[in-house]
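Architecture at a glance
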Amino acid sequence: MATRLDLSKRTLHRMTATCTLARTPLYDWHVAHGGRMVDFAGWSMPVQYGSIVEEHQATRRAVGMFDVSHMGRLEFFGPDAMAFLDQVVTRRVTDMQPGQVRYGLVCNEQGGILDDVLVYRLSSDSTQTDWPSFMMVVNASNREKIVQWLDKQQSGYAVDFKDVTTSTAMIAVQGPKAIELVKPLLDFDITAMRYYRCAFGSLGDEPGWISRTGYTGEDGIEWIGGADAAERVWSKVMSRAKACGGSAAGLGARDTLRLEAAMPLYGHELNEEITPIEAGLDFAVSLKDRDFIGRGALLAAKGNTKQPVRVGLQLEGRRVAREHSRILQGDDDVGYVTSGTFSPTFERPIAMAYVRPSVAAIGTRLAADIRGTAAAATVVPLPFYDRGKTT
């Protein structure tokens, strides 16, 4: 069954002859293997190779391989690296152990989200100057903004950071067979690694940071290593993936997978006008016994019972409510859709939306305005997809 990719017009445009796009180290492989290349945040990226649904299902049933080298990668050095990051990230950093990865957000003083990020604690000695003690992975569309923001906040801290995005590559291997697939290619026992942990090692004899993280709702790993090694790693893992029913997957499947898993996407569920509290990301905000940029605003938001709530919607029929579709209760406009798709896993339309708290309860009957027609919708629990549960 066909599905349509629904990504923000702010970040996704067809390539034109007049624009110059950045290319990941795997660009040539994508083109040679039929990748339909599009402009995503200034990068030429594959939106799909064949069918988005088939790539989605391969990830849910076996393994999907994603080139995520367009994501920004920043390394942090110096004795104040930990203190600096604890000041700019909503999640506590000071108690992170070496090899730990945490999801957090970078906010402005008003509590608005500048980006959602992953923070990696790499080394145990933060005084080293020639080896990064932390790394941060940021969204491609926000990389320059975050670099400028961090540079503004750096005064008074003995910390340096370096943007290593273009000198490195990032590959995600996701799905129920992902760990089994990569285990023989690693020089350490990945099965002993807990989720949201990382280690330095080799994947297919190529050194890099390997983390048990991802953006699909499935188990798997992400490898960050040298740009010159990317195609060798990709080819070794891909040959094993194909043998077990896996495939390469593009931005289209990445979007439908993350939406089923209710993972927010910057520019849709997250932006500078929305706080982490409003987005339902309270777990990524550590307010107790620490200060950070935006803390006061987030503390106030914590007690705001009138702010919109992020919810999941299941629609009747087969029509999809796209971004900005209005949510109605009778004649009242009660919210708007942030992301919507036809779920390949459940074979029905789903969406995430911000709605008034008075209509956010599970089971509430609403409607989505789809080109002037009201489509019946019901508020359902998030995530839509929970690993191992598909009904």
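Our structure is the block above this text.
Parameters at a glance
Think of each chain on its own: its residues are numbered from 1, step by step along the sequence as written. Only residues with pLDDT of at least 70 are given local features in this predicted model, and only at 80 or more are side-chain atom pairs given and counted; all residues enter the totals for whole chains, interfaces and linings. Excluding hydrogens and water, the side-chain values take into account all heavy atoms of the structure. Numbered from the N terminus, helices here are DSSP runs of H or I no shorter than four residues, and strands are runs of E no shorter than two. All radius of gyration figures rest on C-alpha atoms, and the globule criterion is 2.2 Å times the number of residues raised to 0.38. Only heavy atoms matter for contacts: two residues are in contact if any of them lie within 4.5 Å across the pair. Throughout, the Shrake-Rupley method with a 1.4 Å probe supplies accessible areas, and for residues the shown protein chains are the sole cover considered. In this charge count, Lys and Arg are treated as positive and Asp and Glu as negative; neither His nor the chain ends contribute. Charge positions are represented by NZ for Lys, CZ for Arg, CG for Asp and CD for Glu. Contacts described as polar in this section are N or O atom pairs within 3.5 Å, which, within protein, must combine one atom able to donate a hydrogen with one able to accept it, while residues neighboring in sequence count only if both atoms come from side chains. Each residue's exposure class comes from its accessible area (1.4 Å probe, protein chains only) as a fraction of the maximum for that residue type: buried when under 20%, exposed when over 50%, partly exposed otherwise. Pairs were defined over the aromatic rings of Phe, Tyr and Trp, the Trp ring being its six-membered one, requiring ring centres within 6.5 Å. Orientation was assigned from the angle between planes: stacked under 30 degrees, edge-to-face over 60, tilted for the rest. When DSSP locates at least two bridges between a pair of strands, those strands are taken to pair. Throughout this description, the term salt bridge denotes a Lys or Arg side-chain nitrogen within 4 Å of a carboxyl oxygen of Asp or Glu.

Looking now at the overall build of the chain. In terms of helices and strands, the chain carries eight helices and 21 strands. For 391 residues, the compact-globule estimate of 2.2 N^0.38 gives 21 Å, and the C-alpha radius of gyration of the chain, at 21 Å, lies within 12% of that figure. Principal-axis analysis of the C-alpha atoms gives the chain an extent of 60 × 50 × 45 Å. Within the chain, contacts between residues at least 6 apart in sequence are counted, and of these 66% link residues at least 24 apart. Total accessible area on the chain stands at roughly 16,200 Å², and carbon and sulfur atoms take up 48% of it. If the 44 positive side-chain charges of the chain are averaged to one point and the 46 negative ones to another, these points end up 5 Å apart.

The step from Leu 382 to Pro 383 runs through a cis peptide bond, and the omega angle for that step is 0°. Within the secondary structure layout, Pro 383 lies in the segment after β21 (373–380). Phi angles above zero are rare outside glycine, and Glu 347 is one such case at about 55°. With respect to the helices, strands and loops of the structure, Glu 347 is situated in the loop between β18 (332–343) and β19 (348–355).

On to the environment of Ser 235, then. Here Ser 235 is to be found in helix α6 (residues 230–243). Ser 235 sits 78 residues away from Leu 313 along the chain, and the two C-alpha atoms are 39 Å apart. A polar contact of 2.9 Å, which involves the side chain of Ser 235, links it to the backbone oxygen of Glu 231.

Of note, Thr 341 is situated in strand β18. Judged by its relative accessible area of 2%, Thr 341 is buried. Sequence-wise, Thr 341 and Gln 148 are 193 residues apart; in three dimensions their C-alpha atoms are separated by 34 Å.

This brings us to the packing of aromatic side chains. Any aromatic ring pair is given by two values, namely how distant the centres are and how the planes are angled relative to each other. Taken as a whole and assessed by the stated rule, the structure comprises nine aromatic pairs. Here Tyr 195 and Tyr 196 contribute two aromatic rings whose centre-to-centre distance is 5.2 Å and whose plane-to-plane angle is 65°, an arrangement assigned as edge-to-face. Since its relative accessible area comes to 34%, Tyr 195 is described here as partly exposed. What makes Tyr 196 partly exposed here is its relative accessible area of 22%. Taken together, Phe 76, Phe 84, Tyr 157 and Phe 161 form an aromatic cluster joined through their ring pairs.

Glancing now at the pairing of strand β3 (residues 36–40). Burial within β3 is extensive, with four of its five residues counted as buried. Here five bridges tie β3 to strand β4 (residues 43–48), and the two strands are oriented antiparallel to one another. Bridging across to β4, Asp 39 finds its partner in Ser 44. Count of turn residues in the β3/β4 antiparallel hairpin: two residues, of which Ala 41 carries a positive phi of about 55°.

Pairing between side chains of opposite charge can happen when their charged atoms approach one another. Inspection of the entire model under this criterion finds 14 salt bridges. Between Arg 212 and Asp 219 there is a salt bridge, with its nearest N and O atoms 2.7 Å apart. Looking at Arg 212, the relative accessible area reads 12%, which means it is buried. Between Asp 282 and Lys 302 there is a salt bridge, and its shortest N-O distance comes to 3.0 Å. Taken together, the positions of Asp 282 in the loop between α7 (251–260) and α8 (295–302) and Lys 302 in helix α8 put the pair 20 residues apart, joining distant regions of the chain. For Asp 282, a relative accessible area of 30% gives the class partly exposed. Judged by its relative accessible area of 45%, Lys 302 falls in the partly exposed class.

Our next topic: the environment of Arg 102. Using a relative accessible area of 14% as the deciding quantity, one classes Arg 102 as buried. Within the structure, the side chain of Arg 102 is placed 2.6 Å from the side chain of Asp 95, a separation counted as a polar contact.

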